[in-house]
Amino acid sequence: MSSNVDLVKLFSTVAKTMVENKASLNKADEYNQDHGDHMVDIFNLVSGAMKDAPSGDVTSGLAKASELLTEKPSGSAAMYAKGLGQAAEYFQGRDLDATQLLPLLQTMLGGGEASVTQGAGGLLDSLAGSIGGEDGLDLGDILSAGAAFMESKESGDSNLEAAMDAVISASKMGETPHRAQSSKLVADVLLQTLMGGMK
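Observations concerning the pattern of salt bridges
Okay, so step 1: If you walk through the whole model with that rule in mind, you get 5 salt bridges.
Okay, so step 2: As a salt-bridge pair, Asp 37 and Lys 22 come within 3.7 Å of each other at their nearest N and O atoms. Here Asp 37 is found in helix H3 (residues 35–52), whereas its partner Lys 22 is found in helix H2 (residues 22–28), with 15 residues between them in sequence.

Quick word on the packing of helix H1 (residues 7–20) against H3
Okay, so step 1: Closest axis-to-axis distance for the H1/H3 pair is 8 Å, and the angle between their directions is 165 degrees. By the criterion of interaxial angle, the relationship of H1 to H3 is roughly antiparallel. H1 and H3 meet at a crossing whose hand is left-handed. On H3, the residues touching Leu 7, Val 8, Phe 11, Ser 12, Val 14, Ala 15, Met 18 and Val 19 of H1 are Met 39, Val 40, Phe 43, Asn 44, Val 46, Ser 47, Met 50 and Lys 51.
Okay, so step 2: For the contact of H1 with H3, the residue count by class is 12 nonpolar, 3 polar and 1 charged.

Concerning the packing of aromatic side chains
Okay, so step 1: For the structure shown, the criterion picks out 3 aromatic pairs.
Okay, so step 2: For the pair Phe 11 and Phe 43, a centre-to-centre distance of 6.2 Å together with 20 degrees between the ring planes defines the contact as stacked. Residue Phe 11 is located in helix H1, and its partner Phe 43 is located in helix H3; the two are separated by 32 residues in the primary sequence.
Okay, so step 3: On the basis of relative accessibility, which here comes to 0%, the residue Phe 11 falls in the buried class.
Okay, so step 4: Plain terms: the ring middles of Tyr 90 and Phe 91 are 4.8 Å apart, the flat faces sit at 85 degrees to each other, and that makes the pair edge-to-face.
Okay, so step 5: You can call Tyr 90 buried: its relative accessible area is 16%.
Okay, so step 6: Residue classification places Phe 91 among the buried residues on the basis of a relative accessible area of 0%.
Okay, so step 7: Among the aromatic residues, ring-to-ring pairing joins Phe 11, Phe 43 and Tyr 80 into one connected group.

With respect to unusual backbone geometry
Okay, so step 1: Residue Gln 33 is not a glycine yet carries a positive backbone phi of 55 degrees.
Okay, so step 2: Checked against the element boundaries, Gln 33 lands in the loop between H2 and H3.
Okay, so step 3: For Gln 33, a relative accessible area of 45% translates into the label partly exposed.

Description of helix H9 (residues 159–170)
Okay, so step 1: Over its 12 residues, H9 extends 17 Å from the first C-alpha to the last, a length consistent with the 16 Å expected when each residue adds 1.5 Å.
Okay, so step 2: Of all the 12 residues making up H9, 9 are buried; the element is thus mostly covered by neighbouring parts of the structure.
Okay, so step 3: Those residues of H9 that sit buried are Leu 160, Ala 162, Ala 163, Met 164, Asp 165, Ala 166, Val 167, Ile 168 and Ala 170.

A short note on the confidence of the model for the protein
Detailed reading of the predicted coordinates is not advisable wherever pLDDT is low.
Okay, so step 1: Here the protein shows a mean pLDDT of 79. Residues at 70 or above account for 76%.
Okay, so step 2: The model gives residues 114–124 a pLDDT under 50, and that stretch makes 24 contacts with residues more than four places away or in other chains.

Points about the nonpolar core
Okay, so step 1: Core analysis: the largest hydrophobic core is formed by 49 residues, its most contacted members being Phe 43, Leu 62, Tyr 80 and Leu 104.
Okay, so step 2: Elements that contribute at least two residues to this core include exactly H1, H3, helix H4 (58–70), helix H5 (75–90), helix H6 (101–109), H9 and helix H10 (177–198).
Okay, so step 3: Dropping the residues within four chain positions of it, Leu 104 is found in contact with Leu 7, Leu 10, Phe 11, Leu 62, Ala 87, Phe 91 and Leu 96.

Parameters at a glance
Residues numbered from 1 in each chain as written. Predicted model: local features only at pLDDT ≥ 70, side-chain atom pairs only at ≥ 80, totals over all residues. Heavy atoms only, no water. Salt bridge = Lys/Arg side-chain N within 4 Å of Asp/Glu carboxyl O. Helix = DSSP H or I, 4+ residues; strand = E, 2+ residues; numbered from the N terminus. Axes fitted to C-alpha atoms, helices over the stretch in contact; angles between N-to-C directions. Parallel < 35°, antiparallel > 145°, perpendicular 65-115°, else oblique. Left-handed = near helix turned anticlockwise from the far one by under 90°. Contact = heavy atoms within 4.5 Å. Nonpolar A, V, L, I, M, F, W, Y, C, P; charged D, E, K, R; others polar. Phe/Tyr/Trp six-rings, centres within 6.5 Å; stacked < 30°, edge-to-face > 60°. Buried < 20%, exposed > 50% of the residue type's maximum accessible area, 1.4 Å probe, protein only. Expected span 1.5 Å × (residues − 1). pLDDT = per-residue confidence, 0-100. Core = buried A, V, L, I, M, F, W, Y, C linked by side-chain atoms within 4.5 Å.

Here is the structure:
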């Protein structure tokens, strides 16, 4: 397991992925056809904030990215601002290694509403925390996440990929198709980084 994750490289890779998928994300956005533009802008800004942060200072980079995103007019930027702000609080005084990528993803996609959990339950706890939100779990949340997990497994995804699909489907980002699509791209980059760290 690698000791620390390079968040500059990670978020730069996410930004590059958003550039590559900008047209399809814009097309998926039935409301304004500009979601891809916003996602490119968001992750260029996040990777820039991480580059400007003191070396190894995860918290200040995430907090600065959150602050900069609050000034952006898009709903996606507002959700990522809240999620990154919560992640900055969570990672205060901690190193970010590969084992922390799933909590980071869950917090980012939660739009500030997901609770980050760790421990023996791991991903299942994270899933329950992310679909709980402020109102607690309801049957619809559980069925939606379960259906997303099964659909993902049937398409040949690994357990980890299927679980991430379930987390996304039950997160704030999963509430609209275009945000779910961009969240899946973010999750894919984080999972590739995680798998690279496990080799």
